[in-house]
Amino acid sequence: NLHYSLPTVPRSPFPVTYEMKASRLISLLMLLQAHGRLTAADLARRLEVSTRTIYRDIDALSAAGVPVYTDRGPGGGCALLDNYRTTLTGLTQDEVRAIFMSTIPALMSDLGAGQTAASALLKLSAALPLPFQQEARRTRERIHLDPDGWFQWDEPTPFLPLIQQALWDERRLRMVYRTADGTWSKRLIEPYGLVAKGGVWYLVGSTKGWVWTCRVSRIEEAAITEGRFVRPGDFDLAAYWSSQSGAFEAESRTYEVVLRIPAGRMHLLRALLGEGVHHLAARSGRLDAGGGTTLPLHFASAEEACRRLLGISGEIEVVAPAALRRLLHKTALAAAAFYREAEPPTRRGRRA
(Lines give C-alpha, C1' and ligand atoms only; values in the text may rest on other atoms or scores of the structure.)
Protein backbone atom coordinates (compact mmCIF):
# COMPACT_ATOMS: atom_id res chain seq x y z
CA ASN A 1 0.00 0.00 0.00
CA LEU A 2 1.38 3.36 -1.01
CA HIS A 3 1.11 6.27 1.35
CA TYR A 4 1.19 9.75 -0.11
CA SER A 5 2.19 12.71 2.02
CA LEU A 6 0.20 15.56 0.57
CA PRO A 7 0.21 19.25 1.44
CA THR A 8 -2.67 20.37 3.61
CA VAL A 9 -4.02 23.79 4.38
CA PRO A 10 -3.99 24.76 8.07
CA ARG A 11 -7.10 26.12 9.69
CA SER A 12 -7.24 29.88 9.81
CA PRO A 13 -9.79 32.42 11.10
CA PHE A 14 -8.96 34.62 8.11
CA PRO A 15 -10.55 34.38 4.64
CA VAL A 16 -8.94 31.76 2.38
CA THR A 17 -6.56 33.35 -0.09
CA TYR A 18 -6.34 32.40 -3.75
CA GLU A 19 -2.97 30.68 -3.19
CA MET A 20 -4.30 28.61 -0.31
CA LYS A 21 -7.34 27.51 -2.34
CA ALA A 22 -5.17 26.55 -5.30
CA SER A 23 -2.96 24.44 -3.03
CA ARG A 24 -6.05 22.74 -1.57
CA LEU A 25 -7.46 22.01 -5.04
CA ILE A 26 -4.16 20.38 -6.02
CA SER A 27 -4.22 18.29 -2.84
CA LEU A 28 -7.83 17.26 -3.45
CA LEU A 29 -7.09 16.26 -7.04
CA MET A 30 -4.05 14.19 -5.99
CA LEU A 31 -6.02 12.47 -3.24
CA LEU A 32 -8.69 11.38 -5.71
CA GLN A 33 -6.06 10.31 -8.21
CA ALA A 34 -4.24 8.23 -5.59
CA HIS A 35 -7.26 6.63 -3.84
CA GLY A 36 -9.87 6.45 -6.60
CA ARG A 37 -12.92 7.30 -4.48
CA LEU A 38 -13.25 9.14 -1.17
CA THR A 39 -16.25 10.53 0.66
CA ALA A 40 -16.63 14.26 1.15
CA ALA A 41 -16.28 13.73 4.90
CA ASP A 42 -12.99 11.86 4.41
CA LEU A 43 -11.67 14.58 2.10
CA ALA A 44 -12.73 17.26 4.58
CA ARG A 45 -10.91 15.45 7.39
CA ARG A 46 -7.71 15.04 5.36
CA LEU A 47 -7.69 18.64 4.14
CA GLU A 48 -8.96 20.08 7.45
CA VAL A 49 -11.90 21.96 5.97
CA SER A 50 -15.68 21.56 6.08
CA THR A 51 -17.63 19.22 3.78
CA ARG A 52 -19.36 22.32 2.35
CA THR A 53 -15.92 23.61 1.28
CA ILE A 54 -15.17 20.24 -0.33
CA TYR A 55 -18.34 20.42 -2.43
CA ARG A 56 -17.44 23.97 -3.49
CA ASP A 57 -13.97 22.77 -4.47
CA ILE A 58 -15.50 19.89 -6.48
CA ASP A 59 -17.60 22.45 -8.37
CA ALA A 60 -14.50 24.56 -8.99
CA LEU A 61 -12.62 21.58 -10.43
CA SER A 62 -15.56 20.66 -12.65
CA ALA A 63 -15.76 24.23 -13.93
CA ALA A 64 -12.05 24.03 -14.78
CA GLY A 65 -12.69 20.94 -16.94
CA VAL A 66 -11.56 18.23 -14.51
CA PRO A 67 -13.95 15.24 -14.85
CA VAL A 68 -14.78 14.86 -11.16
CA TYR A 69 -18.20 13.74 -9.93
CA THR A 70 -20.00 12.83 -6.72
CA ASP A 71 -22.36 9.95 -5.90
CA ARG A 72 -24.63 10.26 -2.89
CA GLY A 73 -25.83 7.50 -0.62
CA PRO A 74 -24.16 4.33 0.69
CA GLY A 75 -21.08 3.42 -1.32
CA GLY A 76 -20.97 6.86 -2.88
CA GLY A 77 -18.32 9.52 -2.74
CA CYS A 78 -16.19 11.77 -4.89
CA ALA A 79 -14.15 10.34 -7.77
CA LEU A 80 -12.50 11.10 -11.09
CA LEU A 81 -13.70 9.53 -14.33
CA ASP A 82 -11.97 6.26 -15.16
CA ASN A 83 -8.64 6.57 -16.98
CA TYR A 84 -8.31 10.25 -16.11
CA ARG A 85 -4.78 11.10 -15.08
CA THR A 86 -2.97 14.38 -14.69
CA THR A 87 0.71 15.15 -15.04
CA LEU A 88 0.40 17.61 -12.18
CA THR A 89 2.73 16.41 -9.44
CA GLY A 90 2.18 18.94 -6.68
CA LEU A 91 5.89 18.73 -5.85
CA THR A 92 7.70 21.68 -4.36
CA GLN A 93 11.19 22.76 -5.41
CA ASP A 94 12.72 21.25 -2.26
CA GLU A 95 10.84 17.97 -2.84
CA VAL A 96 12.18 17.76 -6.40
CA ARG A 97 15.71 18.23 -5.10
CA ALA A 98 15.19 15.54 -2.45
CA ILE A 99 13.91 12.98 -4.99
CA PHE A 100 16.81 13.49 -7.37
CA MET A 101 19.32 13.30 -4.49
CA SER A 102 17.85 10.10 -3.04
CA THR A 103 19.02 7.58 -5.66
CA ILE A 104 22.54 6.23 -5.09
CA PRO A 105 23.70 4.68 -8.39
CA ALA A 106 26.19 2.25 -6.82
CA LEU A 107 23.59 0.71 -4.50
CA MET A 108 20.95 0.56 -7.25
CA SER A 109 23.47 -1.25 -9.47
CA ASP A 110 24.14 -3.75 -6.66
CA LEU A 111 20.40 -4.51 -6.66
CA GLY A 112 20.34 -4.85 -10.45
CA ALA A 113 18.11 -1.79 -10.74
CA GLY A 114 20.58 0.79 -12.01
CA GLN A 115 19.03 1.15 -15.47
CA THR A 116 15.50 0.92 -14.05
CA ALA A 117 16.17 3.73 -11.57
CA ALA A 118 17.71 5.90 -14.28
CA SER A 119 14.72 5.29 -16.54
CA ALA A 120 12.25 6.09 -13.74
CA LEU A 121 14.01 9.36 -12.92
CA LEU A 122 14.06 10.27 -16.61
CA LYS A 123 10.30 9.71 -16.90
CA LEU A 124 9.66 11.66 -13.70
CA SER A 125 11.81 14.51 -14.95
CA ALA A 126 9.90 14.59 -18.25
CA ALA A 127 6.58 14.76 -16.38
CA LEU A 128 7.64 17.74 -14.28
CA PRO A 129 6.83 21.32 -15.25
CA LEU A 130 9.70 22.99 -17.11
CA PRO A 131 11.09 25.00 -14.13
CA PHE A 132 11.25 21.81 -12.06
CA GLN A 133 12.96 19.92 -14.90
CA GLN A 134 15.69 22.55 -14.74
CA GLU A 135 15.90 22.15 -10.95
CA ALA A 136 16.22 18.36 -11.29
CA ARG A 137 19.06 18.80 -13.79
CA ARG A 138 20.80 21.30 -11.50
CA THR A 139 20.56 18.83 -8.62
CA ARG A 140 22.08 15.97 -10.63
CA GLU A 141 24.89 18.25 -11.79
CA ARG A 142 25.77 19.47 -8.30
CA ILE A 143 25.24 16.56 -5.86
CA HIS A 144 26.59 13.01 -6.08
CA LEU A 145 26.23 10.47 -3.27
CA ASP A 146 29.01 7.88 -2.89
CA PRO A 147 28.13 5.24 -0.25
CA ASP A 148 31.64 3.79 0.04
CA GLY A 149 34.24 4.83 2.59
CA TRP A 150 37.84 5.57 1.67
CA PHE A 151 40.16 2.59 1.08
CA GLN A 152 37.24 0.18 1.34
CA TRP A 153 37.52 -3.13 -0.47
CA ASP A 154 34.65 -4.15 -2.71
CA GLU A 155 32.69 -6.99 -1.13
CA PRO A 156 31.38 -9.64 -3.52
CA THR A 157 27.65 -10.20 -3.06
CA PRO A 158 26.71 -12.84 -5.67
CA PHE A 159 23.57 -13.87 -3.76
CA LEU A 160 22.06 -10.37 -3.57
CA PRO A 161 19.64 -10.93 -6.54
CA LEU A 162 18.54 -14.25 -5.05
CA ILE A 163 17.88 -12.59 -1.67
CA GLN A 164 15.83 -9.90 -3.38
CA GLN A 165 13.71 -12.53 -5.09
CA ALA A 166 13.08 -14.28 -1.77
CA LEU A 167 12.11 -10.93 -0.23
CA TRP A 168 9.55 -10.10 -2.92
CA ASP A 169 8.09 -13.62 -2.98
CA GLU A 170 8.17 -14.03 0.82
CA ARG A 171 9.98 -17.36 0.57
CA ARG A 172 12.45 -18.84 3.03
CA LEU A 173 16.18 -18.99 2.28
CA ARG A 174 18.38 -21.97 3.08
CA MET A 175 21.99 -20.86 3.30
CA VAL A 176 25.50 -21.54 4.55
CA TYR A 177 26.99 -18.58 6.43
CA ARG A 178 30.57 -17.82 7.45
CA THR A 179 30.88 -15.87 10.70
CA ALA A 180 33.55 -13.26 11.45
CA ASP A 181 35.75 -15.85 13.21
CA GLY A 182 35.70 -18.16 10.18
CA THR A 183 33.26 -20.79 11.46
CA TRP A 184 30.42 -22.03 9.25
CA SER A 185 26.77 -22.54 10.04
CA LYS A 186 23.64 -23.59 8.15
CA ARG A 187 20.57 -21.39 8.47
CA LEU A 188 16.94 -21.37 7.39
CA ILE A 189 15.92 -17.72 7.37
CA GLU A 190 12.75 -15.77 6.63
CA PRO A 191 14.09 -12.61 4.95
CA TYR A 192 12.54 -9.34 6.16
CA GLY A 193 14.74 -6.78 4.42
CA LEU A 194 18.08 -5.58 3.09
CA VAL A 195 20.12 -2.70 4.53
CA ALA A 196 23.13 -0.98 2.95
CA LYS A 197 25.47 0.71 5.44
CA GLY A 198 28.64 2.35 4.20
CA GLY A 199 28.41 0.35 0.97
CA VAL A 200 28.11 -2.95 2.86
CA TRP A 201 24.92 -5.00 2.46
CA TYR A 202 23.21 -6.71 5.41
CA LEU A 203 20.29 -9.13 5.43
CA VAL A 204 17.74 -8.91 8.26
CA GLY A 205 15.41 -11.83 8.85
CA SER A 206 13.95 -14.31 11.28
CA THR A 207 15.60 -17.62 12.13
CA LYS A 208 14.46 -20.02 14.86
CA GLY A 209 12.02 -17.41 16.16
CA TRP A 210 14.38 -14.46 16.61
CA VAL A 211 15.44 -11.61 14.34
CA TRP A 212 18.98 -12.03 13.02
CA THR A 213 21.30 -9.82 10.95
CA CYS A 214 24.06 -11.09 8.69
CA ARG A 215 26.57 -9.65 6.25
CA VAL A 216 25.59 -10.63 2.70
CA SER A 217 29.22 -11.00 1.56
CA ARG A 218 29.69 -13.83 4.09
CA ILE A 219 26.94 -15.98 2.59
CA GLU A 220 28.74 -18.91 0.95
CA GLU A 221 25.69 -20.80 -0.39
CA ALA A 222 22.03 -19.84 -0.72
CA ALA A 223 18.87 -21.30 -2.23
CA ILE A 224 15.20 -20.31 -2.20
CA THR A 225 12.92 -22.95 -0.71
CA GLU A 226 9.35 -23.72 -1.66
CA GLY A 227 8.14 -22.75 1.79
CA ARG A 228 6.45 -19.38 2.12
CA PHE A 229 6.13 -17.24 5.23
CA VAL A 230 4.09 -14.23 6.29
CA ARG A 231 6.19 -11.16 7.02
CA PRO A 232 4.99 -9.50 10.27
CA GLY A 233 2.92 -6.48 9.36
CA ASP A 234 4.26 -4.48 12.30
CA PHE A 235 7.96 -5.08 11.52
CA ASP A 236 9.61 -1.71 10.79
CA LEU A 237 12.95 -2.34 9.08
CA ALA A 238 14.26 1.22 9.50
CA ALA A 239 13.32 1.35 13.19
CA TYR A 240 14.84 -2.10 13.85
CA TRP A 241 18.11 -1.18 12.15
CA SER A 242 18.37 2.13 13.98
CA SER A 243 17.84 0.42 17.34
CA GLN A 244 20.18 -2.50 16.71
CA SER A 245 23.00 -0.49 15.15
CA GLY A 246 22.86 2.00 18.02
CA ALA A 247 23.03 -0.81 20.56
CA PHE A 248 25.89 -2.48 18.66
CA GLU A 249 27.94 0.72 18.60
CA ALA A 250 27.30 1.29 22.29
CA GLU A 251 28.38 -2.27 23.18
CA SER A 252 31.44 -1.95 20.94
CA ARG A 253 32.72 1.13 22.78
CA THR A 254 33.02 -0.09 26.37
CA TYR A 255 36.82 -0.19 26.79
CA GLU A 256 38.13 3.26 27.73
CA VAL A 257 41.62 4.34 26.72
CA VAL A 258 43.29 7.61 27.70
CA LEU A 259 45.72 9.05 25.15
CA ARG A 260 48.14 11.94 25.27
CA ILE A 261 48.58 13.55 21.87
CA PRO A 262 51.65 15.87 21.69
CA ALA A 263 51.26 19.22 19.97
CA GLY A 264 51.30 18.84 16.20
CA ARG A 265 50.43 15.12 16.24
CA MET A 266 46.62 15.23 16.19
CA HIS A 267 46.67 14.60 12.42
CA LEU A 268 48.01 11.07 13.07
CA LEU A 269 44.97 10.21 15.17
CA ARG A 270 42.62 11.83 12.66
CA ALA A 271 44.13 9.78 9.83
CA LEU A 272 43.62 6.62 11.89
CA LEU A 273 40.15 7.19 13.36
CA GLY A 274 38.56 9.88 11.19
CA GLU A 275 37.73 13.55 11.43
CA GLY A 276 35.33 12.96 14.32
CA VAL A 277 38.36 12.75 16.63
CA HIS A 278 39.05 16.45 16.03
CA HIS A 279 35.57 17.41 17.23
CA LEU A 280 35.79 14.98 20.15
CA ALA A 281 39.08 16.56 21.22
CA ALA A 282 37.46 20.01 21.13
CA ARG A 283 34.68 18.79 23.43
CA SER A 284 36.40 16.29 25.74
CA GLY A 285 40.15 16.89 25.45
CA ARG A 286 42.26 18.59 28.15
CA LEU A 287 45.24 20.73 27.19
CA ASP A 288 48.44 20.40 29.23
CA ALA A 289 51.27 22.85 29.81
CA GLY A 290 53.28 21.50 26.89
CA GLY A 291 50.50 22.08 24.37
CA GLY A 292 49.52 18.41 24.21
CA THR A 293 45.98 17.05 24.54
CA THR A 294 44.79 14.30 26.87
CA LEU A 295 41.80 12.56 25.32
CA PRO A 296 39.62 9.60 26.41
CA LEU A 297 38.53 7.21 23.64
CA HIS A 298 36.47 4.02 23.68
CA PHE A 299 37.11 0.71 21.92
CA ALA A 300 35.48 -2.71 21.97
CA SER A 301 38.38 -4.39 23.80
CA ALA A 302 42.06 -4.13 24.69
CA GLU A 303 42.92 -6.26 21.66
CA GLU A 304 41.06 -3.93 19.27
CA ALA A 305 42.67 -0.86 20.85
CA CYS A 306 46.10 -2.48 20.48
CA ARG A 307 45.52 -3.29 16.81
CA ARG A 308 44.31 0.22 16.05
CA LEU A 309 46.90 2.18 18.03
CA LEU A 310 50.07 0.11 17.62
CA GLY A 311 51.21 1.92 14.49
CA ILE A 312 51.14 5.35 16.12
CA SER A 313 52.01 4.38 19.69
CA GLY A 314 55.56 5.63 19.20
CA GLU A 315 54.30 9.21 18.82
CA ILE A 316 50.97 9.20 20.66
CA GLU A 317 51.18 7.87 24.22
CA VAL A 318 48.67 5.52 25.82
CA VAL A 319 48.37 6.90 29.37
CA ALA A 320 45.89 4.30 30.64
CA PRO A 321 44.99 1.58 31.24
CA ALA A 322 48.28 0.00 32.29
CA ALA A 323 47.20 -3.37 30.87
CA LEU A 324 46.99 -1.86 27.39
CA ARG A 325 50.46 -0.35 27.75
CA ARG A 326 51.82 -3.83 28.60
CA LEU A 327 49.95 -5.38 25.66
CA LEU A 328 51.38 -2.79 23.26
CA HIS A 329 54.89 -3.45 24.57
CA LYS A 330 54.50 -7.22 24.24
CA THR A 331 53.06 -6.94 20.71
CA ALA A 332 55.79 -4.54 19.58
CA LEU A 333 58.53 -6.91 20.91
CA ALA A 334 56.93 -9.85 19.10
CA ALA A 335 56.82 -7.89 15.84
CA ALA A 336 60.44 -6.80 16.26
CA ALA A 337 61.54 -10.38 16.85
CA PHE A 338 59.61 -11.58 13.82
CA TYR A 339 61.23 -9.05 11.49
CA ARG A 340 64.69 -8.94 13.13
CA GLU A 341 67.02 -8.24 10.17
CA ALA A 342 66.17 -11.57 8.56
CA GLU A 343 66.07 -11.77 4.80
CA PRO A 344 62.76 -13.14 3.47
CA PRO A 345 63.00 -16.72 2.16
CA THR A 346 63.55 -17.01 -1.60
CA ARG A 347 61.95 -19.46 -3.99
CA ARG A 348 64.08 -22.39 -5.09
CA GLY A 349 65.70 -21.80 -8.43
CA ARG A 350 65.48 -17.98 -8.24
CA ARG A 351 68.07 -15.56 -6.95
CA ALA A 352 67.12 -13.26 -4.10
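Our structure's up above, just so we're on the same page.
Every chain's residues receive numbers from 1 upward, in the order its sequence appears when written. Residues qualify for local features only when their pLDDT is at least 70, as the model is predicted, and side-chain atom pairs are given and counted only at 80 or more; totals for whole chains, interfaces and linings, by contrast, use all residues. For side-chain calculations, the full set of non-hydrogen atoms in the structure is used, while hydrogens and water are omitted.

> Kindly report on the overall build of the chain, identifying the contributing residues and their values.
Secondary structure elements are defined from DSSP: runs of H or I of at least 4 residues count as helices, runs of E of at least 2 residues count as strands, and each element is numbered from the N terminus. Helix and strand counts for the chain stand at 13 helices and twelve strands. The buried label applies to any residue whose accessible area, calculated with a 1.4 Å probe on protein chains only, is under 20% of its type's maximum; exposed applies above 50%, and partly exposed to all values in between. Expressed as a percentage of the 352 residues in the chain, the buried residues total 31%. For the chain, the proportion of contacts with a sequence separation of at least 24, taken over those separated by at least 6, is 62%. Using a 1.4 Å probe, the Shrake-Rupley method yields the accessible areas, and only the shown protein chains count as cover for residues. For the chain, the accessible surface area stands at approximately 23,300 Å², while carbon and sulfur atoms represent 54% of it. By definition, residues are in contact when any of their heavy atoms lie within 4.5 Å.

> Mind laying out the nonpolar core, listing which residues take part and the relevant values?
For soluble globular proteins, nonpolar side chains are generally found buried alongside one another. Only buried residues count toward a nonpolar core, which is a set of Ala, Val, Leu, Ile, Met, Phe, Trp, Tyr and Cys residues joined through side-chain atoms within 4.5 Å. Grouped together as the largest cluster of nonpolar side chains are 20 residues, with contacts concentrated most on Val257, Leu259, Leu269, Leu309 and Leu324. At the level of secondary structure, the elements contributing two or more residues to this core comprise β9 (255–261), α10 (266–273), α11 (276–284), β11 (293–299), α12 (302–309) and α13 (322–338). Discounting chain neighbours no more than four positions away, the residues touching Leu269 are Leu259, Ile261, Gly274, Val277, Leu295, Leu297, Leu309, Ile312 and Ile316. Core analysis: the next-biggest nonpolar cluster, separate from the first, contains 19 residues, Met175, Tyr177, Leu194 and Leu203 among them.

> Can you tell me about the pairing of strand β6 (residues 200–207), naming the residues and giving the values?
The two faces of the sheet receive side chains in turn, since in a regular strand these alternate between them. Across the eight residues that make up β6, a large majority, eight, are buried. Residues Val200, Tyr202, Val204 and Ser206 point to one face of β6 and Trp201, Leu203, Gly205 and Thr207 to the other, with burial holding for every one of them. As judged from the seven bridges shared by strand β5 (residues 184–197) and β6, these two strands associate in the antiparallel manner. From the neighbouring strand, Gly193 faces β6, where its bridge partner is Val204. Connecting β5 to the antiparallel partner β6 that follows it, the hairpin turn spans two residues, and Gly198 within it adopts a positive phi of roughly 60°. DSSP calls a pair of strands paired once it identifies at least 2 bridges connecting them. Note: β6 against strand β7 (residues 210–215), six bridges, orientation antiparallel. In the sheet register, Ser206 faces β7, and the bridge partner there is Val211. Linking β6 to β7, which pair antiparallel, is a turn of two residues; within it Lys208 sits at a positive phi near 55°.

> Could you give me a rundown of the sheet that holds strand β12 (residues 317–320), with the residues and numbers involved?
Strands sit in the order β10-β11-β9-β12 across an open sheet of four strands; the sheet is antiparallel. The open sheet is flanked by β10 (286–287) and β12, the only strands paired with a single partner. In this sheet, β12 lies alongside β9 in antiparallel orientation, the contact comprising three bridges. Each residue of the ladder has a partner; that of Arg260, found in β12, is Glu317. Only the stretch in contact is used when fitting a helix axis, every axis being a line fitted to C-alpha atoms; angles between N-to-C directions are given from 0 to 180 degrees. Against the sheet, α11 contacts β10 and β11, and its axis sits at roughly 120° relative to β11.

> Lay out the sheet that holds strand β4 (residues 171–178) in plain terms, naming residues and giving numbers.
The sheet built from five strands is open, its strands ordered β7-β6-β5-β4-β8 with antiparallel pairing. This sheet does not close on itself; its edge strands, each paired only once, are β7 and β8 (219–228). For this sheet, the mean angle separating the axes of adjacent strands, direction not counted, is 45°. Seen against the sheet, helix α8 (residues 160–169) touches β4, β5, β6 and β8 and runs at an angle of roughly 85° to β5. The strands that helix α9 (residues 237–251) touches are β5, β6 and β7; relative to β5, the one it contacts most, it runs at about 105°.

> How would you explain unusual backbone geometry if you had to name every residue and give the values?
Looking along the chain, the bond that leaves Ala320 and enters Pro321 is cis, with omega of 5°. With respect to the element layout, Pro321 can be found in the loop between β12 and α13. Positive phi values are uncommon outside glycine, yet Glu48 reaches one of about 60°. Position of Glu48 among the secondary structure elements: in the loop between α2 (40–47) and α3 (51–63).

> Now, about the pattern of salt bridges: what can you tell me, with residues and values included?
In the sections that follow, a salt bridge refers to a side-chain nitrogen of Lys or Arg positioned within 4 Å of a carboxyl oxygen of Asp or Glu. Inspection of the entire model under this criterion finds 14 salt bridges. Between Glu135 and Arg138 there is a salt bridge, with its nearest N and O atoms 3.8 Å apart. Placement of the pair is Glu135 and Arg138 together in helix α7 (residues 130–142), with a separation of three residues, close to one helical turn. The class for Glu135 is buried, based on a relative accessible area of 8%. Assessed through its relative accessible area of 40%, Arg138 is described here as partly exposed. Measuring nitrogen to oxygen at the nearest pair gives 2.9 Å for the salt bridge that ties Arg178 to Glu220. Of this pair, Arg178 sits in strand β4 while Glu220 is found in strand β8, placing the two residues 42 residues apart along the sequence. What you see here is one network of salt bridges that share partners, running through Asp42, Arg45 and Arg46.

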